[in-house]
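Tertiary structure, described
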Amino acid sequence: MQSKSLFQFTLDNVLGIVIIFNQSGEIVYANQAAMKKLEYQDELCGQSITEIFPGEFSVEGGGLAIECEIGGESHNIMAYRKNRTCFPTKIRLLKYEDPEGKLGEEDRYICTAYDVSNENFLEKKVSQVGQEAEVAQKVKSEFVANVTHELRTPVNGILGNAQALINKEEDEEKLRLLHLVERGCRDMHSIINNILDFSKLEAGKFVLEPRRFQFRNMIDYVKSNHINRIIEKGLEFSITVPNSIPEYIVGDELRIVQILNNLISNAYKFTAVGEIHVEVVKTAQTGNRIQLFFMVIDTGIGIDKAAQDKLFQSFYQVDASISRRYGGTGLGLNICKQLIELMGGNIHVESTVGKGTIFTFDIWAEIAEEDKAYAEEDAGKEYTAEFIEKDMLGKLQSMSVNSAGEKIWKYGEPENKEEIEKKMSKLILCLEMENWEKAEMFAETVKQLVEEAPREVKSHALRLKMAVQKGDYEKATAAFELLQKMV
Ligand code: ATP
Ligand code: MG
């Protein structure tokens, strides 16, 4: 008896609604919470459950029709107050059957429910806050993208003028200072570009620009970007590209260069002795599409296991003191990862502290029209690791450049001339298409190719590059024409 009143007391005071009704839907018990929430005084007993939850219960042909599953999951339904206003609830329906008919009681339904108005309100609020945060994030990214874009123009201006002064200046001290200005501008330029790419990628506004390009020319360009300073540091540098990789490829050349530049720059920054080696192999081909697998191997300081997991996060740097010495934002690997994923690949790192690091990544590209015959011959071949090894050791055509690093194409030699012509014809195409980023890349290569040319030629190449950097079509084409006559 005592326990019955204990249960009764508990039931009466449960925070949620508890309503018991019989098979015809007549309420036989309602706890205090039910009466309070539904705004009935004592008169809830005797009412029909269809009044309270009309969406769930109805009277059909004199019997009670129930929509929900008895004993099933709780679900959302409107509860109606006495004054016919309503509020959302979560309810669950149970059925009590007198086990052996001992109590002589009729079967009862028990409905438990609780008000979810607050929960719904909070859910809405959370999603609203989430949406607002997303919008704010987008606005921020757009702002960063705009500001960095605006910053690029003056930095390019300073850089170009510093380079022009370097070309004219003969006083050693002034030259030293000018070189410092130039280096500062270059660092700023690359930081701005990183932030610009990062904010575009974050805002989901980054679009790859696949075009046809010559793979080995691209590799040459990457090599020329790094060879001098790597050799100056006393390190060996080599790049190997097997014959199995076609000459013409359709892909975003600029971005592949960017990924390789960052990985090689990292290898350079974090390697004091030994070598940096880059290898490219073709790992798969389906029809026209090929998978290229790149490895950038160094014998540097290495990265410990814990840091390896965080490496691809934005702004992460393992050792700030080294990074401070060489500059950098800690965005490079994050950008690489996002670019590689856009190209359908993945990036991985393997490293041993004190021994060195291997970054590997793969991307998918297409074989260009010129190499169709090649594509047909090779289609469907999956290259196994063993094959790659044989391929690399055996019939690979090595494009190695070692630390002896003789200048391969001296100015005036036929190869140099041919190379300048090739790059110039690409440059003019980019100018016509107003593809300034790519044009800048070719202008830089041309500038490097005339490094040993007479001062006049060099300064025209520089003028050309400056005009391209500024996006000045008129000046760029004028400088182009002049330079073309000279080389
Ligand atoms: P940024 O590329 O933006 O100029 P960063 O080079 O410092 O700056 P990431 O390229 O993202 O940034 O590299 C992140 C960090 O990973 C580096 O600061 C360094 O601590 C570590 N790291 C990257 N590559 C290597 C490597 N080859 N050897 C040792 N540590 C490396
Ligand atoms: Mg980097």
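Residues numbered from 1 in each chain as written. Chains lettered and ligands numbered in written order. Predicted model: local features only at pLDDT ≥ 70, side-chain atom pairs only at ≥ 80, totals over all residues. Heavy atoms only, no water.

**Digging into the site of ligand 1**
To keep it simple, the criterion reads: The cutoff for a nearby residue is simple: one of its non-hydrogen atoms must lie within 4 Å of the molecule or strand. The term polar contact refers here to a pair of N or O atoms within 3.5 Å; inside protein, the definition further demands a hydrogen-donor-capable atom paired with an acceptor-capable atom, and it admits residues adjacent in sequence only when both atoms are side-chain atoms. Note on areas: Shrake-Rupley with a 1.4 Å probe; residue coverage comes only from the protein chains shown. Every helix listed is a DSSP run of H or I at least four residues long, and every strand listed is a run of E at least two residues long, numbered separately from the N terminus. The residue classification treats Ala, Val, Leu, Ile, Met, Phe, Trp, Tyr, Cys and Pro as nonpolar and Asp, Glu, Lys and Arg as charged. All others, Gly included, are polar.
The environment of ligand 1 is formed by 23 residues, the closest being Asn266, Lys269, Gln317, Thr329 and Leu333. Within the side chain of Asn194, an N or O atom sits 3.2 Å from an oxygen atom of ligand 1. Note that an oxygen atom of ligand 1 is positioned 2.7 Å from one of the backbone N or O atoms of Leu333. Protein contact buries 96% of the 600 Å² of open area that ligand 1 shows by itself. Within the residue set of the shell around ligand 1, elements represented by two or more residues are helix H7 (253–269), helix H10 (332–342) and strand S14 (356–367). Among the elements that take part in the shell around ligand 1, H7 stands out by supplying 4 residues, more than any other. Along the lines of polarity and charge, the residues of the shell around ligand 1 split into 9 nonpolar, 11 polar and 3 charged.

**Focus: the coordination of the magnesium ion (ligand 2)**
What counts, and what does not: Metal donors were taken as nitrogen, oxygen and sulfur atoms no farther than 2.8 Å from the ion, or 3.2 Å where the ion is Na, K or Ca. Water is excluded, so coordination may look unfinished. Exposed residues in this analysis have more than 50% of their type's maximum accessible area, buried residues have under 20%, and partly exposed residues fall in between, with area computed by a 1.4 Å probe over protein chains only.
Bound to the magnesium ion (ligand 2) on the protein side are Asn262 (OD1) and Asn266 (OD1), at distances that span 2.2 Å. With Asn262 and Asn266 both in helix H7, this residue pair falls 4 residues apart, about one helical turn. As far as the burial class goes, Asn262 and Asn266 line up, both buried.

**With respect to the packing of aromatic side chains**
Our working definition: Here is the rule: rings of Phe, Tyr and Trp (six-membered ring for Trp) pair when centre to centre is within 6.5 Å. Planes less than 30 degrees apart are stacked, more than 60 are edge-to-face, and the remainder are tilted. Whether a charge sits over a ring comes down to the Lys NZ or Arg CZ being within 6 Å of the ring centre and within 35 degrees of the ring normal.
A complete count under the given rule lists 6 aromatic pairs for this structure. Here the aromatic rings of Phe215 and Phe294 are separated by 6.3 Å at their centres, their planes lie at 45 degrees, and the arrangement is tilted. Of this pair, Phe215 sits in helix H6 (residues 215–232) while Phe294 sits in strand S12 (residues 289–298); the two residues are 79 residues apart in sequence, bridging distant segments of the chain. Given the relative accessible area of 0%, Phe294 is considered buried. Their ring planes at 90 degrees and their centres at 6.4 Å tell us that Phe312 and Phe359 sit as a pair that is edge-to-face. Taken together, the positions of Phe312 in the loop between helix H8 (305–310) and helix H9 (320–326) and Phe359 in strand S14 put the pair 47 residues apart, joining distant regions of the chain. You can call Phe312 buried: its relative accessible area is 14%. Joined through ring pairs, the aromatic side chains of Phe213, Phe215, Phe294 and Phe361 make up one cluster. Sitting above the plane of the Phe87 ring, Lys37 keeps its charged end 5.6 Å from the centroid. The residue whose ring lies beneath Lys233 is Tyr268, and the NZ or CZ to ring-centre distance is 4.5 Å.

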